[in-house]
Amino acid sequence: MHRLRTCAARLRPLTASRTVQNRSHKQPAAPRTFQPIRCFSAPVAAEPFLSGTSSNYVEEMYFAWLENPKSVHKSWDVFFRNANAGAPPGMAYQSPPPLGMSLSSLPSAQSLVSAQPNVEKLVEDHLAVQSLIRAYQIRGHHVAQLDPLGIMDADLDSFVPADIITSSDKLEFYGLDESDLDKVFRLPTTTFIGGSESALPLREIIRRLEMAYCQHIGVEFMFINDLEQCQWIRQKFEKPGVMQFTLDEKRTLLARMVRATRFEEFLQRKWSSEKRFGLEGCESLIPALKTIIDRSSANGVDNVIMGMPHRGRLNVLANVIRKELEQIFCQFDSKLEAADEGSGDVKYHLGMYHRRINRVTDRDITLSLMANPSHLEAVDPVVQGKTKAEQFYCGDTDGKRVMSILLHGDAAFAGQGIVYETFHLSDLPSYTTHGTIHVVVNNQIGFTTDPRMARSSPYPTDVARVVNAPIFHVNADDPEAVMYVCNVAAEWRATFHKDVVVDLVGYRRNGHNEMDEPMFTQPLMYKQIKKQKPVLQKYAERLTSEGAVTQQEYEEEISKYDKICEEAYERSKDEKIMHIKHWLDSPWPGFFTLDGQPKSMNCPHTGLSEDELTHIGEVASSVPVEDFTIHGGLKRILKSRGDMIKSRTVDWALGEYMAFGSLLKEGINVRLSGQDVERGTFSHRHHVLHDQNVDKRTCIPMNHLWPNQAQYTVCNSSLSEYGVLGFELGFAMASPNALVLWEAQFGDFHNTAQGIIDQFICPGQAKWVRQNGIVLLLPHGMEGMGPEHSSARPERFLQMCNDDSDMFPKITGDFAMRQLYDCNWIVVNCSTPANYFHVLRRQILQPFRKPLIIFTPKSLLRHPEAKSSFDDMNSGTDFLRLIPDVSAASRSTAAVKRLVFCTGKVYYELNRERTTRGMEADVAIARIEQLSPFPFDLVKAEVERFPNAELVWCQEEHKNQGYYDYVKPRIRTTINRERPVWYAGRDPAAAPATGNKHTHLQELKRFLDTTFNLEAFKGLS
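The rules we used
- Each chain has its residues counted from 1, following the order in which its sequence is written.
- Where local features are concerned, this predicted model is filtered to residues with pLDDT of at least 70; where side-chain atom pairs are given and counted, the filter is 80 or more; whole-chain, interface and lining totals use all residues.
- Side-chain numbers here rest on the full set of heavy atoms in the structure, without hydrogens or water.
- Think of it this way: any DSSP run of H or I at least four residues long counts as a helix, any run of E at least two long counts as a strand, and we number them from the N terminus.
- Partly exposed describes any residue whose relative accessible area lies between the buried limit of under 20% and the exposed limit of over 50%, with all areas from a 1.4 Å probe on protein chains only and scaled to the type maximum.
- Residues are treated as being in contact if the distance between any of their heavy atoms lies within 4.5 Å.
- Here, Shrake-Rupley sampling with a 1.4 Å probe gives the accessible areas, and only protein chains in the shown set may cover a residue.
- Paired strands, in this sense, are two strands between which DSSP finds at least two bridges.
- Angles shown run from 0 to 180 degrees and are taken between the N-to-C directions of axes, each axis being a line fitted to C-alpha atoms and, for helices, limited to the stretch in contact.
- Here, nonpolar core means buried Ala, Val, Leu, Ile, Met, Phe, Trp, Tyr and Cys residues that are tied together by side-chain atoms lying within 4.5 Å of each other.
- Think of it this way: a Phe, Tyr or Trp ring, Trp meaning its six-membered ring, pairs with another when their centres are within 6.5 Å, and the plane angle makes it stacked under 30 degrees, edge-to-face over 60, tilted otherwise.
- For classification, angles of less than 35 degrees are called roughly parallel, those exceeding 145 degrees roughly antiparallel, those between 65 and 115 degrees roughly perpendicular, and all remaining angles oblique.
- Each crossing gets its hand from how the near helix is turned against the far one by less than a right angle, where anticlockwise is left-handed and clockwise is right-handed.
- Asp, Glu, Lys and Arg are counted as charged, while Ala, Val, Leu, Ile, Met, Phe, Trp, Tyr, Cys and Pro are counted as nonpolar; the rest, among them Gly, fall into the polar class.
- When the strands point away from the viewer and the path from the first strand over the helix to the second turns clockwise, the crossover is right-handed.
- Here a salt bridge means any side-chain nitrogen of Lys or Arg lying within 4 Å of a carboxyl oxygen belonging to Asp or Glu.
- A residue counts as positive if it is Lys or Arg and as negative if it is Asp or Glu; His and the chain ends are not included.
- N or O atoms within 3.5 Å of each other form a polar contact, as long as, within protein, one can give a hydrogen and the other can take it, and as long as residues adjacent in sequence are counted only when both atoms are side-chain atoms.
- What goes into a patch is any residue over 30% in relative accessible area without a salt bridge, connected to like charges within 9 Å or, for nonpolar side chains (Val, Leu, Ile, Met, Phe, Trp, Tyr), within 5 Å.
- Charge placement uses NZ in Lys and CZ in Arg. For Asp and Glu, CG and CD serve respectively.
- Per-residue confidence from the predictor is given as pLDDT, running between 0 and 100.

1. Side note on the overall build of the protein
Part 1: When helices and strands are counted, the protein shows 33 helices and 28 strands.
Part 2: Looking at the protein residue by residue over its 1021 residues, the buried ones come to 59%.
Part 3: Considering only intrachain contacts with a sequence separation of at least 6, the fraction spanning at least 24 residues in the protein is 79%.
Part 4: Accessible surface computed for the protein: about 41400 Å², of which carbon and sulfur atoms make up 51%.

Written as structure tokens, this is what we have:
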């Protein structure tokens, strides 16, 4: 090597100042970044002074000169300037001038120095090239050819960034011109376009950047703040020749395109007037998903959980999940009868669970497609929750075995806030699924709405930028580009375990559905679509022209799949009954009988032994970790708990502790999630203790109860209801052997999760034959705290209960359990810690799963009377659906003038008022603890106990809210409508509660007066 290249020809001026800075900071062994950019012809023998240790001296001089040219002798200054300008070493050197003559006066020196460009120009040019490369990395996607129709810009903007070179005159932006195109420039370390080359002519640099960033793939990644991740993506897209596919890969891709396309064409031929929300215009979704699954399977994934909207769902079921075609085709038969319980759902909402061999990797893989409603994106957090649960149960702590894939539409991905909520769960410790692959089926339209009217962001995928997820836009009419980015997406997820987005930019060949006319609103787009050659035809022509397949082979592939479809169609005619259970997305092997029924209709007693209660209580009132300093206030709370245990009583927090702790002993995992649940909104729970001296050191006593116990997970959630409730619902789907609870910070906050409640929790079993044991804890009660922190809106939950208010049920020996089995969900408002304890345990011990809605108290958490004895929780005890009156009234029932039914906290106010007025013998108070299913049998028995009493329903809620409209007709049915059911409570109102404390107290006094005024309803019919 020429020694002089270490100083003169190693000029990569881009980093000269950095090198000087490194030396000034005494950083040892800094890597040399100056590399040759010219080829010199001077032989080594011509520069003997640059051999051996002399080169070190020259290098030291050179660095000193870089820092300050005046710090070296003038002769060295001339030498370095000439060498930097490209002069060969022999010519760069000038002999010192004779005494009395300056160096610059020598003719040869003058000509050399003046003839060569200066170092500043080289620095500027290289900086310009580096900026140009960075511009393509940041903004190249804006000019990528993403729209298959060629009529729209995927980023909604036809403007070409000024720093992207689309013509030679744009070089002026960088201070370059056309004459620089053939100059060779060193490439920075932040690009891989050179491949094995470290320097390229500017013309080739621009060409390679265009090939990497401006063709059918647009890459958004430069917002990611991790250098390793950015370098990884650059390498995947910039390296020359990365998109090379083998002959077998191309033929497989063609076969998958054939299946995706011909499936839709077959459905169109057979059922042209049926809605199916076909995939035409984005058929490459099928090979995209199969590529992701293949690559993930090769990386060790054996369970993939998917969620998607309706478009393309049948195709995914057929060609990705591999649902039997006859099961899909028979769904189009209008004469098909439903064999299962429930109401069922349309074919493009149904889910599926299937375990099969992946033919590419020859490994077993389980694929689930979650059932979902028409509410776009609502399924996103549900999928994530189920994925998290499956990872939890198989010990997959880093997501290497279980993963999720979410499909989205472009309009919904940009428009639905649940997408943002779900993204923000992606990296939270108790919610992360270690990376989700998002695939956006970008039709460039939302129903009839132009994307320019549907979003303010350039792309529909911009929401993903908030979590540093790379976004790969790809032209869906280039199947090989689609396949490549899907491979990269799967590799990204396997490498970094973070979210990634694939934006398949395609079009929608039909309207929103097959019956819809899109020309009304998008005439120009659909004129172009009618002319558009289908992607299968384009790709087949490309492969035949390359010689990868022959026309005959292509036609045979089509004929083969058409035959498969026709044979399945004939078999589908034999299907007369629709079995929704064949479409289950979350089976629970071994929990039910083979025909899906409970193994019994009995529930064991929910009480515990004295020893168990005492042991759990002792742990709940202690710190089971040594050298752990807790807050002084918490010491008092733990001491209070200890005192209660000694007196054999529990408050609300201890009752909950007893329920959770006992289930953990029985091998039932417990998960409690929601805003501030670790401490509890009302500072009553304290399930996570924090060391006051060591940051982030915590202790969960519940996990120190028993040897080999199940795990208790308690986690503060993000400030989200829709996303987090959906997540917990999905978590509860994975296994029946877990108690999964979501607690709202205040009960009324559940209304921002109404979509999950209305579309999944309430009708989930009826629509999809899918049971779920999720528990909703909704703090509720009129405490004078204003309209937003009072009501959990019980009227809404009760309105959605599926029991008949006008029919008195047949009372049998297993009536209580049969009622629970037949209902769509259970609604309770417990008034004692013991009943709360029992209902939580019953939720797991009953032989089936139903959602449980609990209106939990606020003031009762510390109410001196709201405590329970161990006697109410010991072995042999159970949940009380109705707590009958046990006052003096119960000892002389015939003399009782009024029987007041109520539920929840208001009982304590009624009981206090009755005592204050001395009316224990006149007024009986019964508490309906389980509102739905309604305890017809117990209400009937209680009414019959007091044959001469007026019947009153008392509630603290307003008349048009709360429970009255639900309870009144059922009590009337119970008594054969022989007596009226009077109302005592607040008057009808628009708001749930007043914001004025004085008004609140006046309203309370008024309805208490009504309740205990035995003349209040005289003369009323």
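2. Some points on the sheet that holds strand 19 (residues 775-779)
Part 1: Taken in spatial order, the seven strands make up an open sheet running 17-14-18-19-21-20-26, and their pairing is mixed. A single partner strand is all that each edge strand has here, and the edge strands are strand 17 (712-716) and strand 26 (930-932). Ignoring which end each strand starts from, the neighbouring axes of this sheet average 20 degrees apart.
Part 2: Pairing analysis gives three bridges linking strand 20 (residues 826-828) to strand 21 (residues 852-856), with the strands arranged parallel.

3. With respect to helix 32 (residues 964-974)
Along an α-helix, a turn takes 3.6 residues, which lines up residues three or four apart on a common side.
Part 1: Residues of helix 32 that are buried: Tyr 964, Tyr 966, Val 967, Arg 970, Ile 971, Thr 973 and Thr 974.
Part 2: Against helix 27 (794-799), strand 24 (898-902), strand 26, helix 31 (936-945), strand 27 (950-958) and strand 28 (981-986) lie the buried residues of helix 32.
Part 3: Count one or two residues on from helix 32 and you reach Asn 976, which has phi positive near 55 degrees.

4. Here we look at the nonpolar core
Part 1: By size, the foremost hydrophobic cluster in this structure holds 179 residues, and its most contacted members are Val 316, Phe 329, Ile 405, Leu 776 and Phe 901.
Part 2: No other element matches the eleven residues that helix 17 (residues 479-496) contributes to this core.
Part 3: Apart from residues lying up to four places away in sequence, Leu 776 is in contact with Leu 725, Trp 742, Ile 757, Ile 761, Phe 797, Leu 852, Ile 853 and Ile 854.
Part 4: Core analysis: the next-biggest nonpolar cluster, separate from the first, contains 58 residues, Ile 645, Leu 654, Leu 705 and Trp 706 among them.

5. As for unusual backbone geometry
When glycine is set aside, most residues are seen to have a negative phi, and most peptide bonds are trans.
Part 1: The omega torsion across Ser 932 and Pro 933 is 0 degrees, close enough to zero to call that bond cis.
Part 2: Note that Pro 933 resides in the loop between strand 26 and helix 31.
Part 3: Its identity as a non-glycine residue notwithstanding, Phe 277 has a phi of 50 degrees, on the positive side.
Part 4: Positionally, Phe 277 belongs in the loop between helix 9 (247-270) and helix 10 (285-298).
Part 5: Overall, the relative accessible area of 6% leaves Phe 277 in the buried class.

6. Some points on the packing of aromatic side chains
Part 1: Here the structure, examined in full by the defined rule, presents 38 aromatic pairs.
Part 2: Taking 5.8 Å as the distance between ring centres and 85 degrees as the angle between the ring planes, the aromatic pair formed by Phe 237 and Tyr 484 counts as edge-to-face. Of this pair, Phe 237 sits in helix 8 (residues 227-238) while Tyr 484 sits in helix 17; the two residues are 247 residues apart in sequence, bridging distant segments of the chain. Residues Phe 237 and Tyr 484 agree in their burial class; the two are buried.
Part 3: Aromatic ring contacts, followed pair by pair, group Phe 263, Phe 266, Trp 271, Phe 329, Phe 332 and Tyr 569 into a single cluster.

7. Points about the environment of Gly 351
Part 1: Positionally, Gly 351 belongs in the loop between strand 5 (337-338) and strand 6 (352-358).
Part 2: Sequence spacing of Gly 351 and Arg 313 is 38 residues, and the spatial spacing of their C-alpha atoms is 9.2 Å.
Part 3: The residues touching Gly 351, leaving out its near neighbours within four places in the chain, are Arg 313, Leu 369, Met 370, Ala 371, Trp 583 and Asp 585.

8. Quick look at helix 28 (residues 815-822)
Part 1: Buried residues of helix 28: Phe 815, Met 817, Gln 819, Leu 820 and Tyr 821, and no others.
Part 2: At its buried positions, helix 28 is contacted by strand 20, helix 29 (833-845), strand 26 and helix 31.

9. Side note on the packing of helix 13 (residues 379-393) against helix 24 (residues 722-733)
Part 1: Direction vectors running N to C along helix 13 and helix 24 enclose 45 degrees, while the axes themselves pass 6 Å from each other. Of the possible angle classes, the one that applies to helix 13 and helix 24 is oblique. At the point where helix 13 passes helix 24, the crossing takes the right-handed sense. Between helix 13 and helix 24, the contacting residues are Pro 381, Val 382, Gln 384, Gly 385, Lys 386, Lys 388, Ala 389, Phe 392 and Tyr 393 on the first element and Tyr 722, Gly 723, Gly 726, Phe 727, Leu 729, Gly 730, Phe 731 and Met 733 on the second.
Part 2: In terms of residue class, the contact of helix 13 with helix 24 is built from ten nonpolar, five polar and two charged.

10. Here we look at the sheet that holds strand 6
Part 1: Within the open sheet, the eight strands sit side by side as 3-10-11-9-8-4-7-6. Their pairing is mixed. With partners counted over all chains shown, the strands left at the sheet margins are strand 3 (217-220) and strand 6, one partner each. Looking at each pair of strands side by side, their axes are set apart by 20 degrees on average, direction ignored.
Part 2: Note that strand 4 (residues 303-307) and strand 8 (residues 402-409) share five bridges and pair parallel. If you follow Asn 303 over to strand 8, its bridge partner there is Val 402.

11. A word on the pairing of strand 10 (residues 471-475)
Each regular strand carries side chains that alternate between the two faces of the sheet.
Part 1: Counting buried positions along strand 10 yields five of five residues, so the element is predominantly enclosed.
Part 2: Residues Ile 471, His 473 and Asn 475 of strand 10 are buried on one face, and the alternating residues Phe 472 and Val 474, pointing to the opposite face, are buried as well.
Part 3: Inspection of the sheet shows strand 3 paired to strand 10 by four bridges, in the antiparallel sense. Looking at strand 10, one finds that Val 219 is bridged to Phe 472.
Part 4: In the sheet, strand 10 pairs with strand 11 (residues 500-505) via five bridges, with the strands oriented parallel. Paired with Val 474 across the two strands is Leu 504, which belongs to strand 11.
Part 5: Since strand 10 and strand 11 lie parallel, the crossover through helix 17 that links them has a hand, and here it is right-handed.

12. Regarding the environment of Lys 867
Part 1: Looking at where Lys 867 falls in the secondary structure, it is placed in the loop between strand 21 and strand 22 (868-869).
Part 2: For the pair Lys 867 and Thr 649, spaced 218 residues apart in sequence, the C-alpha to C-alpha distance is 6.6 Å.
Part 3: Those residues in contact with Lys 867, other than ones at most four positions away along the chain, are Met 644, Val 650, Asp 651 and Pro 833.

13. A short note on the packing of helix 24 against helix 25 (residues 754-761)
Part 1: Remark: helix 24 packs on helix 25, axes separated minimally by 8 Å, with the N-to-C direction vectors making an angle of 30 degrees. Here helix 24 lies roughly parallel to helix 25, going by the angle between them. In this structure, helix 24 contributes Tyr 722, Leu 725, Gly 726 and Leu 729 to the contact, and helix 25 contributes Ile 756, Ile 757, Phe 760 and Ile 761.
Part 2: For the contact of helix 24 with helix 25, a count of residues per class yields seven nonpolar, one polar and no charged.

14. Quick notes on the pattern of salt bridges
Part 1: Under the counting rule described, the total for this entry stands at 54 salt bridges.
Part 2: A salt bridge links Glu 280 to Arg 276, with the nearest nitrogen and oxygen atoms 2.8 Å apart. By the burial criterion, Glu 280 is buried, and Arg 276 matches it.
Part 3: Salt bridges sharing common partners tie together Lys 250, Asp 478, Glu 480, Arg 542 and Glu 546.

15. So, the pairing of strand 6
Part 1: Strand direction decides the pairing type here: strand 6 and strand 7 (residues 363-369), joined by seven bridges, are antiparallel. When the sheet's bridge partners are listed, Asn 358 is paired in strand 7 with Arg 363.
Part 2: As consecutive antiparallel partners, strand 6 and strand 7 are separated by four residues, and within that stretch Asp 362 has a phi angle of approximately 60 degrees, a positive value.

16. Examining the side chain of Arg 842
Part 1: As for its position among the elements, Arg 842 is in helix 29.
Part 2: An unpaired buried charge is present at Arg 842: no salt bridge exists, and Asp 878, the closest side chain of opposite charge, is 8.4 Å distant.
Part 3: If we skip the residues at most four places from it in the chain, Arg 842 touches Cys 603, Thr 606, Leu 820, Ile 826, Phe 879 and Gln 930.

17. Structural notes on the side chain of Arg 311
Part 1: Relative to the assigned elements, Arg 311 resides in the loop between strand 4 and helix 11 (313-321).
Part 2: Owing to a relative accessible area of 12%, Arg 311 belongs among the buried residues under this scheme.
Part 3: Within the structure, Arg 311 has its side chain in polar contact with the backbone oxygen of Gly 278 (distance 3.4 Å).

18. What to know about a negative patch on the surface
Part 1: The grouping of Asp 169, Glu 172, Asp 177 and Glu 178 at the surface amounts to a negative patch.
Part 2: Its place among the elements puts Glu 178 in the loop between helix 6 (119-139) and strand 1 (184-186).
Part 3: Classification of Glu 178 as exposed rests on a relative accessible area of 53%.

19. Observations concerning the confidence of the model for the protein
Part 1: Mean pLDDT over the protein works out to 88, with 90% of the residues at or above the 70 mark.
Part 2: In this model residues 1-52 is a low-confidence stretch, pLDDT under 50, and it forms 80 contacts with partners more than four residues away in sequence or in other chains.

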